[in-house]
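Residue-level structural notes
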Amino acid sequence: MSVTTPQRPRLTILGTGYLGATHAISMAELGYEVMGFDVDEAKIAKLADGQVPFHEPGLDEMLRRNLATGRLTFSTDYAEVAAFGDVHFICVGTPQKQGSLAADMRYVESAVLGLAPHLTRRSLVVGKSTVPVGTAEWVEQLLQDHVAPGIEVEVAWNPEFLREGFAVEDTLRPDRLVFGVKSDWAREMLDITYKGVFELASSEDREVPVVVTDFATAELVKVSANSYLATKISFINAMAEVCDAAGADVTQLARAIGYDVRIGNKFLRAGVGFGGGCLPKDIRAFQARAQELGVGDALTFLSEVDKINTRRREHVLELTREFAEGQLDGAKVTVLGATFKPNSDDVRDSPALAVARMLHDENAVVSVYDPEGTDNARRELPDVQYAVSISDAVAGADVVLVLTEWEEFRHADPVVLAKLVSHANVVDGRNCLDAARWRAAGWNYRGLGRP
Ligand code: UDX
């Protein structure tokens, strides 16, 4: 190890959204001194006060525990961050640009430009945000242009693969680490930065595989992984369309093909499709970047993946219309679920909320219930009613839609609910209910891709 490599680097995390806050808190949990940074003062004040600004199981207690040790601090001051850290993680958002498929890179740019002039010692800037391939080179150039002369600053790319709802687990126990680096020093810095992760793994008799590679490959790993996952979901949803037409059952089909280890049984749940802050925008930004690189044809299938996914939402709308005897105008529709998946309060690109919006646009009387996502949903879609419980939500309903597979919905008692609705019609948009049980309780049950 070279002489300039600190034994235990101090870490800063720029951007404290889902990714950054989880990374900051988890690294402090592993014993590192960590400073989280955000330009959003309210968010930083909340975190410093021991409140995670979003719902992620286990994270609140971990935040409080690490604030108490003093290992974890928060700041809105770039100078303070630069003075504190040896390794600076860029964890800011890269949302879809308005009016384009491409990613909006302004937050990455502003984080780098905010930090660069304050750096006064050798440090490593590590990109974690999901970005178009070529970004690491661009960040390297930005740093060269804005760091004071004589200060050595290097870049590395280290994509994250955390899933909301399992974010802590995925951060502490990643299934792999990817290091996109240009020098041995950057590699060594990442090795000691993740020493805590490696040590935890060996104490549990596991190993964390590390793929050390170049910038471009590291950047592409993330978008190709998400593209693969999105494709897998759209594949099974395409099969659901065919199953519907042929009178077959996609859940049985998925089970049967999933036993083939080459296919595997994960990410084969047919339903209303994928949403969230990652998969939809990542497959779009990837297509935009491929076009720029002159290989747009290689990714035209992702446009099909996106279309299959959008059709799922329309299909749920049509099933609802059928149940409402062709007349959505004035029909009372309950939407159970607002978040894009359970155990999260995230409603970004949520299929559930998209369907609620489409129903509202057709003048249905929409009542939405979600165990955690109501506040965020209300901000996105203020014009529908929000209920405080399942029974409140379904009271007087003509059609009930289950669009996020929260445990609370899976285990709801169909006999009790049948007594509260006007018409016992249910669309199981996640194929998560026990169809036989609901039918036995008198419900007209429709799954997706199931007879
Ligand atoms: C995803 C990737 O899994 C993660 O590795 C990456 O870092 C970020 O993007 P996340 O957005 O948290 O994570 O959600 P994920 O669990 O992948 O689910 C995405 C969407 O696909 C959800 O809306 C989910 O309901 C849907 N989905 C998932 C299906 O419709 N069917 C499935 O079989 C699996």
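Let's shift gears to the domain arrangement of the chain. Domain assignment breaks the chain into domain 1 (11-215) and domain 2 (247-447). The distance between the C-alpha centroids of domain 1 and domain 2 comes to 33 Å. At the junction of the two partners, domain 1 supplies 17 residues and domain 2 supplies 16 residues. Buried surface at the junction of domain 1 and domain 2, both sides included, amounts to about 1,400 Å², of which 54% is carbon and sulfur. Considering only the side of domain 1, the residues that lose the most area to domain 2 are His55, Leu101 and Glu164, jointly responsible for 41% of the buried surface there.

Moving on to the environment of Leu162. If you trace the backbone, Leu162 turns up in the loop between strand S6 (153-157) and helix H7 (167-172). Judged by its relative accessible area of 17%, Leu162 is buried. For Leu162, the residues in contact, after removing those within four places along its chain, are Leu19, Thr22, Ala167, Asp170 and Thr171.

Let's shift gears to the packing of helix H13 (residues 300-323) against helix H14 (residues 351-361). Across the interface, H13 lies against H14 with an axial gap of 10 Å and an inter-helix angle of 50 degrees. When the interaxial angle is binned, H13 and H14 end up oblique. Once H13 is placed against H14, the crossing between them reads as right-handed. Contact residues: H13 offers Arg313, Glu314, Val316, Leu317 and Thr320, while H14 offers Pro351, Ala354, Val355, Met358 and Leu359. Split by residue class, the contact of H13 with H14 holds seven nonpolar, one polar and two charged.

With that settled, the discussion passes to the pattern of salt bridges. Evaluation of the coordinates by the stated rule reveals 33 salt bridges. Between Arg122 and Glu152 there is a salt bridge, with its nearest N and O atoms 3.7 Å apart. Highlighted residues: Arg122 in the loop between helix H5 (106-115) and strand S5 (123-127) and Glu152 in the loop between helix H6 (135-146) and S6, separated in sequence by 30 residues. Judged by relative accessible area, which is 26%, Arg122 ranks as partly exposed. Residue Glu140 pairs with Lys182 through a salt bridge whose shortest N-O separation is 2.9 Å. Here Glu140, found in helix H6, pairs with Lys182, found in the loop between strand S7 (177-180) and helix H8 (184-193); they are 42 residues apart in sequence, far enough to count as distant.

Orientation of helix H10 (residues 215-246) relative to H13, taken along the N-to-C sense of each, is 50 degrees, at an axis distance of 9 Å. Judged by the inter-axis angle, H10 sits oblique to H13. Viewed along their axes, H10 and H13 form a crossing whose handedness is left-handed. Listed contacts from H13 to Ser227, Ala230, Thr231, Ser234, Asn237, Ala238, Ala240, Glu241 and Asp244 of H10 are Phe301, Leu302, Val305, Ile308, Asn309, Arg311, Arg312 and His315. When the residues that make up the contact of H10 with H13 are grouped by side-chain class, the tally is seven nonpolar, six polar and four charged.

Two aromatic rings are characterised by how far apart their centres lie and by the angle between their planes. Counting across every chain of the model gives six aromatic pairs. Between Tyr18 and Phe54, the ring centres sit 4.4 Å apart and the planes meet at 40 degrees, which makes this aromatic pair tilted. With a gap of 36 residues between them, Tyr18 in helix H1 (residues 18-29) and Phe54 in the loop between helix H2 (41-48) and helix H3 (59-69) connect regions that are remote in the sequence. Per residue, the accessibility class of Tyr18 equals that of Phe54, and both read buried. Here Tyr369 and Phe409 contribute two aromatic rings whose centre-to-centre distance is 6.0 Å and whose plane-to-plane angle is 65 degrees, an arrangement assigned as edge-to-face. Remark: Phe409 occurs in helix H17 (residues 407-410) and Tyr369 occurs in strand S10 (residues 365-369); sequence separation between them is 40 residues. A relative accessible area of 8% places Tyr369 in the buried class. For Phe409, a relative accessible area of 1% corresponds to the buried category. Across from the ring centre of Phe84, 4.3 Å away, lies the NZ or CZ of Arg10, which sits over that ring. For Arg176, the ring lying beneath its charged end belongs to Phe161, and the centroid distance is 3.5 Å.

Tracing the sequence through the fold places Ser234 in helix H10. What Ser234 contacts, discounting residues up to four positions off in sequence, is Phe274, Val305, Ile308 and Asn309.

About the thresholds
- Residues numbered from 1 in each chain as written.
- Predicted model: local features only at pLDDT ≥ 70, side-chain atom pairs only at ≥ 80, totals over all residues.
- Heavy atoms only, no water.
- Domains from an automatic or database assignment.
- Contact = heavy atoms within 4.5 Å.
- Buried area = accessible area lost by both parts, 1.4 Å probe.
- Helix = DSSP H or I, 4+ residues; strand = E, 2+ residues; numbered from the N terminus.
- Buried < 20%, exposed > 50% of the residue type's maximum accessible area, 1.4 Å probe, protein only.
- Axes fitted to C-alpha atoms, helices over the stretch in contact; angles between N-to-C directions.
- Parallel < 35°, antiparallel > 145°, perpendicular 65-115°, else oblique.
- Left-handed = near helix turned anticlockwise from the far one by under 90°.
- Nonpolar A, V, L, I, M, F, W, Y, C, P; charged D, E, K, R; others polar.
- Salt bridge = Lys/Arg side-chain N within 4 Å of Asp/Glu carboxyl O.
- Phe/Tyr/Trp six-rings, centres within 6.5 Å; stacked < 30°, edge-to-face > 60°.
- Lys NZ or Arg CZ within 6 Å of the ring centre and 35° of its normal.

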